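# Residue-level structural notes
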Amino acid sequence: MDFSGLGFVAALRLLLQAFRLPGEGQKIDRFMLKFAERFVMGNPDAGFANADAAYVLAYSTIMLNTDQHSPQVRHRMSRAEFISNNRGINDGQDLDRQMLETVFDQVAGEEIKLKDDPLQGRVQDARTSSGLFVLWGNSTANRIREQHAHASAEMAAKSEQSIRSMTQRRRRMSGAGEASWAVLLDTADYLRATRPDHIAPMFGAVWTAVLAALSTPMQTSADPHVVAACLVGFQSGIALACRFRMPLERATFVTTLRNFTQLQNLAEMRRKHVEAIRALVEVAASRADVGDGLADNWLDVLQCVSQLEQLQLLTQGSEQAALLRRTSTSTDAAAAQSNIFSSVLSVSAPTTGEQQSISARAFFGSPATTRRSSATLVPTVSVAELAKLETNSQVLVVTVDRLFTASVRLSGSGIVDFVRALSQVAWGEITTAFAAGQAVGSVPSRLFSLTKIVEIAYYNMERIRVEWSQIWAILGPLFDRVGGYADTRAAVFALDSLRQLSTKFLEKEELPHFAFQKEFLRPFADILEGAADLRVKDMALRCVYQLVQAASAHIRSGWRAVLNVAQIAARDTHDQVAEMGFHIARECAQHHGAHMWTLALVQIAGEDGKQASVVAVTGLEYFHELITCLDEFAVGAAAAARPRLALGAIDTMYRAAVALGAQVIGHAGFDACAAVVALDDQPLYRVWMPVLRALH
C-alpha cells in the first residue's frame, strides 16, 4: 500500500478499511510494523526519526480511538494527556506538537472503523488471546458491550431483590434453629454472577471480617487441616482482590500471608510457614488474571521467592552460603539501612559436639553483631532444624519454577509489573553486602533474580514489539547499573547475560527504518563507557565481537550500537581496550559489509525535473558510521599515541570505500544515471565524500 502524501490518521484509516485484520496478536503486530515502515518510507518528511516512532504512535492512536468512542469509558482522555503519553517516543525526542494535536482532533471527531469487525462472533477468543481487540472501538463492539452492560444491570437488580427476599425470610426464621436455616439454603434461588461488577461490592463489604477469621487460626493452630483451609482462604482472597482490581484488599491479603511465611524470623519458622510460602507463590502463578492484578504486590511475592532461595542455599550447605555465613554487619546503622538480607548471616563458631547455628535476626538484617554482650544475644536456629522444614521439597521447587514460566500468560501491563518488581529484587540482591557496610567483593553478590530475568526474557521473546519496548525500558537500565557496579563478578555476569539475550533477540527480523536493535544493544556502550575495571571493559568488547561474528546476518540498526562501542573504545586510555575496539571496526569493514549495506536502483527527480534511475546504497548511513568510527582511531585525541592503530584505521577506511565504490560502478544502472542527477545524489560522491572529509 502507498501512503505517500497522506496524513497519519488518514493512512491508518486506509489500512484498517482496506481488509479484515487477522485474529492473532502477532499477526496484527506484524501489520502495524509494516504500516509504520511503509508510512515512514512514503513520507520521509513527516517528522519521524525512525519507524519505531510511527509504530508506537499507531498503537497510541488506536488506544485513543477506543478511549474517545467506547461507551464503557467514563473519563475521556484530554488533548494534553494524549500529548503527554507520547513524549520521548521519537528516538528520545518529542514529536511535533501540532501533529499530535491534529491526530487527536481527527480521531476524536471521527471514529476509526474496521472494514469488517474482528470481534464479531469471536469475543471470547479475543479475551483469551493477546487482548489487542479491546483497542478497536468500533460500533459493533460497542453494541456487544452495551448488551453486556444491559444484561449486567438486569442481573444486578435481580440479585438485589433476591438478597432482600432472603434477608426477610431469615428474620422470620431467626429462632427456628439450624434445620430451618438449612431448608432456607436448599430452597433459596441463587444467581450465578458473570461479571466482577456483581461480586466486587460484596467482597468489599466482608473482606475485613474474612481476613480476621483466617488470621487467628492460622497464627494459633498447628492442625494441618486448619492451616490448609486458612491458606485456601488467603489464596481465594488474593485471587478475588486481583481480579476485581481492589488495591487495598489485595495489598492487605498479600502482606498478611507474606508475614505468615516467617522468613523474617527463622527461629520461629515451622512447617505451616513453609506451606504459607507455597500458597503465596502458587496463587501468583495460578491464573493470568491474578498475575495481571497483582501490580506492585509482585514485589512482595518475588522478595519472598528470593528469601526462600537463600534459605535453600543454607540448608544445602553451598559454598556461597558458607561465604555469606562468614560475614557479619559492621555497624548498627549499616544494618538498619539494609534490606532483609543485607547483613547477611551471623553464625556461632562451631565447637566439638555443637551444631552450627544461624542468628535468626542477623540473617534478616537486624543490628545484631558478634560484639554484643551475652545479655543481648539473639535467638539462633540450627541448619539441621531448618533442613527439617523441607524448603527444598520438589513441590516447592516446581511451584517457584512455574511462577516464572507462567509469565508468558501475563498481559502487556502484567508482564511490565512483573519485570519491574523482579528488577528491583535483583538489584537489591546485588547491592545487599554494600548496603550493609561490607566492602564490595568481600561478599559474593547474589545473582538469583538476575538469572531469572534472563529466563523470563527468553520465555517472553515472542511478545509483540510494543510490549517488548516497555519491558526493555526496565531491563536496559538494570543491565546498565549492574554492568557498571563495583562488583566485577556481577558486572561480568550481566554482560554475558546481555550477550545471550541479544543473540536470541537478533533472530527476530527487524524491518527497515526501525531502531529497536540499536536500543537493545545500547547497554554495551553504556557499560564500556562507565566501567572502571579493565576486565569489565574487555568482557563488553568480547561480547560485541562475538555478536558480530555470530549474528551479523540479522543485525540491522544494531550496527550503530556496534560501531559506537568501537568508537568509545578508541577514546579509552587503555591500549588493550582500543586494540579490541579496532578489531571490531575492522571486522565490520572487511567481512560484514554485505550485511551492512546493499545496492538498489531507485527513482529520484533529476536535474531536468524528470524521474531518473539512480544506484542507491541501502544502509549507507552505516557506512558513514563506520567511517566516523575509523576516523576516531585515525585522527582522534588518542591517535598520536597509537600510530599503528591510526595507520590501520586509514588503510581500512580506504579499502572499505574502494570496495563499495567498485560495487556501485559495477552495478548495471550506474552508467545510465551518472549524468542526469545532481552531484549530491550521485552514489560515488556519497561514498567518497565522508572519507575525504574524515581525512581532511
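Below is a summary of the structure that appears in this document.

The rules behind each value
- Residues numbered from 1 in each chain as written.
- Predicted model: local features only at pLDDT ≥ 70, side-chain atom pairs only at ≥ 80, totals over all residues.
- Heavy atoms only, no water.
- Patch = residues over 30% accessible without salt bridge, like charges linked within 9 Å, V, L, I, M, F, W, Y side chains within 5 Å.
- Areas by Shrake-Rupley, 256 points an atom, 1.4 Å probe, with all protein chains shown as cover.
- Salt bridge = Lys/Arg side-chain N within 4 Å of Asp/Glu carboxyl O.
- Helix = DSSP H or I, 4+ residues; strand = E, 2+ residues; numbered from the N terminus.
- Buried < 20%, exposed > 50% of the residue type's maximum accessible area, 1.4 Å probe, protein only.
- Core = buried A, V, L, I, M, F, W, Y, C linked by side-chain atoms within 4.5 Å.
- Phe/Tyr/Trp six-rings, centres within 6.5 Å; stacked < 30°, edge-to-face > 60°.
- Expected span 1.5 Å × (residues − 1).
- Contact = heavy atoms within 4.5 Å.

## A closer look at a nonpolar patch on the surface
Taken together, the side chains of Met1, Leu6 and Leu14 make up a nonpolar region of the molecular surface, amounting to roughly 230 Å² of accessible area. Here Leu14 shows up in helix H1 (residues 8-18). Among the residues examined, Leu14 registers a relative accessible area of 36% and is labelled partly exposed.

## Focus on the nonpolar core
Formed by 140 residues in total, the largest nonpolar core has its most connected members in Trp298 and Phe623. The next biggest cluster of nonpolar side chains, apart from the first, holds 40 residues, and it includes Ala53, Leu57, Leu95 and Leu511.

## Side note on the packing of aromatic side chains
For the structure on display, the rule yields 28 aromatic pairs. Relative to Phe35, the ring of Phe8 has its centre 5.8 Å away and its plane inclined at 65°; by these criteria the two rings are edge-to-face. You can see Phe8 sitting in helix H1 and its partner Phe35 sitting in helix H2 (residues 25-42), a full 27 residues away along the chain. Taken individually, Phe8 and Phe35 each receive the classification buried, so the pair is uniform in this respect. Geometrically, the ring pair formed by Phe516 and Phe520 is edge-to-face, given 6.5 Å between the ring centres and 65° between the ring planes. In this pair, Phe516 and Phe520 are both assigned in helix H25 (residues 516-530), four residues apart and thus about one turn of the helix distant.

## A look at helix H30 (residues 620-635)
For H30, built from 16 residues, the straight-helix expectation of 22 Å at 1.5 Å per residue is met to within 8% by its first-to-last C-alpha distance of 22 Å. Among the residues of H30, Leu620, Tyr622, Phe623, Leu626, Ile627, Cys629, Leu630, Glu632, Phe633 and Ala634 are the ones counted as buried. Summarising the contacts, the buried residues of H30 are in contact with helix H27 (558-570), helix H28 (575-591), helix H29 (593-596), strand E4 (611-618), helix H31 (643-666) and helix H33 (683-694).

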